[in-house]
Amino acid sequence: MNSFSLKIVTPDGLFYDDKAQELIVRTTTGDLGLLAGHMNCVAPLGMGRATVVIDGEKRYAACIGGMVSMMDGQVTLVPTTFEWADAIDVNRAEKSEQRANKILSDKNASDTEIRLAEARLKRALVRKSVANFK
Amino acid sequence: MAGVSTKEIKNRIRSMESTKQITKAMEMVASSKLRRAQAQVVASRPYFELLSAAIAKIASTGQDFSSPYLTVRPVKKTAYIVIAGDRGLAGGYNSNLIKLVMSEIEGKDAAVLPIGKKAVDYFRSHGVSLLTADYALAEEITLGDCFTLAKSLCKQYLSGEFDEICIAYTNFVSVLSQTPATRSLLPLQPEKDRSAGSSDILYEPDSTTVFERIIPEYLGGVLYGALCESRASEQAARRTAMDSATQNAEDMIADLSLQFNRARQAAITQEITEIVAGS
């Protein structure tokens, strides 16, 4: 299979900078798969699982926010947070989910609080589901 | 006895010693914080650069659409995000940045969004209109805060509350050199050479949506990058300032010790002369 060069960069640092054969990411409008030779494209990322195929082996990650771009054969993934499945802290996600649920069930919570809690809940659920894909 | 009494000099030496201990301790704290901040800058820089490069490329090739983020409006009101420190005693770190901002906003209708206690205090006491003072502690701002802030700024920009958003921060050039800088964030100014590269880009779902989703993220990223740079600069500036303060204290103690010994010697000599003369 043809490979392309892939760069994964977050504010916490460079996660990956090497060849890959396939990249599937969750964009705001659904999953987007990229193979070598794809035309130039740009898409904003949603929250979900990212799959990277490296030397025929699939690696999964929780990938939230940011954007992905394919420019002249170079794929750049710039998410807000990116965690490989084996690096996800399931306990933390669990706690975060509980906290979010607590706020959501609170009738006195303000709109901003609810919005933040919803986002937190979504992130926690994504992390938990990706962690099962080790 | 010559000039100052030995006791007085001794007291001054003692107080100098304790000041030196404080500055020395502060220097050490700053060094250890600097190391952490520096690692953060190094880690966040590639993100910062890639994001800017990607946005610049999209903006320069996207002739086929217009976005409010790209249109330059006549500037009536400017928003300035000013990232300074929470504490003083960092050499010219805070004052250099604030001076730069004051010279830029002079004569303009500008609102300032200060980050860092020093900036909040300064702009408040000088009657500059503030957007919000919610982000008073630069130490405690997280990546999440940056994105929330970026989103609300974008909303205000789109609703026409400001026509320009600038950011003022301190560039971390090296441990010894930090330069205050301002940068215009919105509207985006695409690079001039539009001939470069292929302009065929597939936008998923479409260019306007992509732009509207990505710009707040980009702004948040830039904000975070600038924050990291500023934090590292603050620690570096403090370290340098405290290092030279310690140096000064050492010099002064050396001078005073010399004076003290001279005074002591003079007192002894005088005593001997008196005894000899008396016998």
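Residues numbered from 1 in each chain as written. Chains lettered and ligands numbered in written order. Predicted model: local features only at pLDDT ≥ 70, side-chain atom pairs only at ≥ 80, totals over all residues. Heavy atoms only, no water.

Colleague: How should the nonpolar core be read in this particular structure?
Modeller: Note that soluble globular proteins tend to have their nonpolar side chains buried in a common cluster. With 57 residues, the main nonpolar core has Val42 of chain A together with Ile81, Ile115 and Ile165 of chain B as its most contacted residues. Mapped onto this core, the elements with two or more residues apiece are strand S8 (67-71) of chain A together with helix H1 (6-61), strand S1 (78-83), strand S2 (110-115), helix H4 (143-158), strand S3 (164-172), strand S4 (178-186) and helix H5 (207-278) of chain B. The biggest single contributor to this core is H5 of chain B, with 14 residues. Sequence-distant contacts of Ile81 of chain B, that is, excluding residues within four places in its chain, are made with Leu113, Ile115, Leu153, Ile165, Cys166, Ile167, Ala168, Leu185 and Leu223 of chain B. Counting 23 residues, the second-largest nonpolar core is a separate cluster that includes Leu34, Val52, Ala61 and Val68 of chain A. (Core = buried A, V, L, I, M, F, W, Y, C linked by side-chain atoms within 4.5 Å. Buried < 20%, exposed > 50% of the residue type's maximum accessible area, 1.4 Å probe, protein only. Helix = DSSP H or I, 4+ residues; strand = E, 2+ residues; numbered from the N terminus. Contact = heavy atoms within 4.5 Å.)

Colleague: I tried to follow the interface of chain B and chain A on my own but got confused; where do I start?
Modeller: Opposite the 23 residues of chain B that make contact, chain A presents 25 residues. The junction of chain B with chain A conceals about 2100 Å² of combined surface from both sides, 73% of it contributed by carbon and sulfur atoms. Among the residues chain B hides against chain A, the three largest losses belong to Tyr47, Leu50 and Leu202 of chain B. Together they make up 26% of the total. Viewed at the interface, chain A and chain B are joined by 0 salt bridges. Elements with a minimum of two residues in the side of chain B that touches chain A: H1, H4, strand S5 (202-203) and H5 of chain B. Here the side of chain B that touches chain A takes 9 residues from H1 of chain B, the largest share from any one element. Within the side of chain B that touches chain A, the residues separate by chemical class into 16 nonpolar, 2 polar and 5 charged. (Buried area = accessible area lost by both parts, 1.4 Å probe. Salt bridge = Lys/Arg side-chain N within 4 Å of Asp/Glu carboxyl O. Nonpolar A, V, L, I, M, F, W, Y, C, P; charged D, E, K, R; others polar.)

Colleague: I'm lost on the pairing of strand S6 (residues 47-54) of chain A in this one. Help?
Modeller: Successive residues of a regular strand alternate their side chains across the two faces of the sheet. All names here are of chain A. Within S6, 6 of the 8 residues are buried, leaving the element largely enclosed by the surrounding structure. Two strands pair when backbone bridges link them, and strand S3 (residues 22-27) and S6 are joined in this way by 3 bridges, in the antiparallel orientation. Its bridge partner being in S6, Leu23 is matched across the sheet by Val52. What sits between S6 and strand S7 (residues 57-64) in their antiparallel hairpin is a turn of 2 residues, with Asp55 showing a positive phi close to 50°. (Pairing = 2+ DSSP bridges.)

Colleague: Got a minute to help me understand a positive patch on the surface in this structure?
Modeller: A surface patch of like charges, here positive, comprises Arg115 of chain A together with Lys151, Lys155 and Arg213 of chain B. When you line up the elements, Arg213 of chain B lands in helix H5. Classification of Arg213 of chain B by relative accessible area gives partly exposed; the value is 44%. (Patch = residues over 30% accessible without salt bridge, like charges linked within 9 Å, V, L, I, M, F, W, Y side chains within 5 Å. Areas by Shrake-Rupley, 256 points an atom, 1.4 Å probe, with all protein chains shown as cover. Lys, Arg positive; Asp, Glu negative; His and termini not counted. Charge placed at Lys NZ, Arg CZ, Asp CG, Glu CD.)

Colleague: Sorry if this is basic, but what is going on with the domain arrangement of chain A here?
Modeller: You'll often see interface size given as the accessible area lost when the parts meet. Residues and elements named next belong to chain A. Each assigned domain of chain A is listed with its residue range as follows: domain 1 (4-86) and domain 2 (88-131). Relative placement of domain 1 and domain 2: their C-alpha centres are 24 Å apart. Between domain 1 and domain 2, the residue contacts involve 12 residues of the former and 8 residues of the latter. Between domain 1 and domain 2, the buried area comes to about 800 Å², and carbon and sulfur atoms account for 69% of it. Among the residues domain 1 hides against domain 2, the three largest losses belong to Met47, Glu83 and Ala85. Together they make up 53% of the total. In this structure, the connection of domain 1 to domain 2 is made through 1 salt bridge. Among the ionic pairs, Glu83 bridges to Arg127, the shortest N-O distance being 2.7 Å. Linking domain 1 with domain 2 are 3 residue pairs in polar contact (both at pLDDT 80 or more), by the criterion used here. For the side of domain 1 that touches domain 2, the elements supplying multiple residues, two or more each, are S6, S7 and strand S10 (81-84). (Domains from an automatic or database assignment. Polar contact = N/O pair within 3.5 Å; in protein donor to acceptor, adjacent residues only side chain to side chain.)

Colleague: Whenever I open this one, the pattern of salt bridges confuses me. Can you help?
Modeller: Side-chain pairs of opposite charge can arise whenever the charged atoms involved come near each other. In this structure the tally under the stated criterion is 8 salt bridges over all chains. Between Asp31 of chain A and Arg26 of chain A there is a salt bridge, and its shortest N-O distance comes to 2.6 Å. Between Glu234 of chain B and Arg238 of chain B there is a salt bridge, with the nearest N and O atoms lying 3.2 Å from each other. Of this pair, Glu234 of chain B and Arg238 of chain B are both found in helix H5, 4 residues apart, which corresponds to roughly one turn of the helix. Exposure class is identical for Glu234 of chain B and Arg238 of chain B. Each is buried. One continuous salt-bridge network, built from bridges that share partners, spans Glu94, Glu97 and Lys128 of chain A.

Colleague: I keep staring at the sheet that holds S4 of chain B and nothing clicks. Help me out?
Modeller: Whenever strands of a sheet pair, they do so through backbone hydrogen bonds, lying parallel or antiparallel. Residues and elements named next belong to chain B. Taken together, 4 strands build an open sheet; the order of strands is S2-S1-S3-S4 and the sheet is mixed. The open sheet has two edge strands with one neighbour each: S2 and S4. Ignoring which end each strand starts from, the neighbouring axes of this sheet average 20° apart. The pairing of S3 with S4 spans 8 bridges and is classified as antiparallel. Residue pairing for S4: Thr170 is matched across the bridge by Pro180. Packing against the sheet, helix H3 (residues 117-125) makes contact with S1 and S2, and its axis sits at approximately 150° to S2. (Axes fitted to C-alpha atoms, helices over the stretch in contact; angles between N-to-C directions.)

Colleague: Mind showing me how you'd approach the domain arrangement of chain B here?
Modeller: Residues and elements named next belong to chain B. By domain assignment, chain B separates into domain 1 (6-22 + 241-272) and domain 2 (25-190 + 202-239). Relative to domain 2, the C-alpha centre of domain 1 lies at a distance of 46 Å. Contact with domain 1, which involves 6 residues of that partner, is made by 9 residues of domain 2. Taken over both partners, the interface formed by domain 1 and domain 2 buries close to 560 Å², and the fraction arising from carbon and sulfur atoms is 53%. Together, Ile22, Ala241 and Met242 form the three largest contributors to the area buried by domain 1 at its contact with domain 2, with a combined 74%. For the pair domain 1 and domain 2, the interface holds 0 salt bridges. Counting the contacts that link domain 1 with domain 2 gives 9 residue pairs in polar contact (both at pLDDT 80 or more). Those elements giving two or more residues to the side of domain 1 that touches domain 2 turn out to be H1 and H5.

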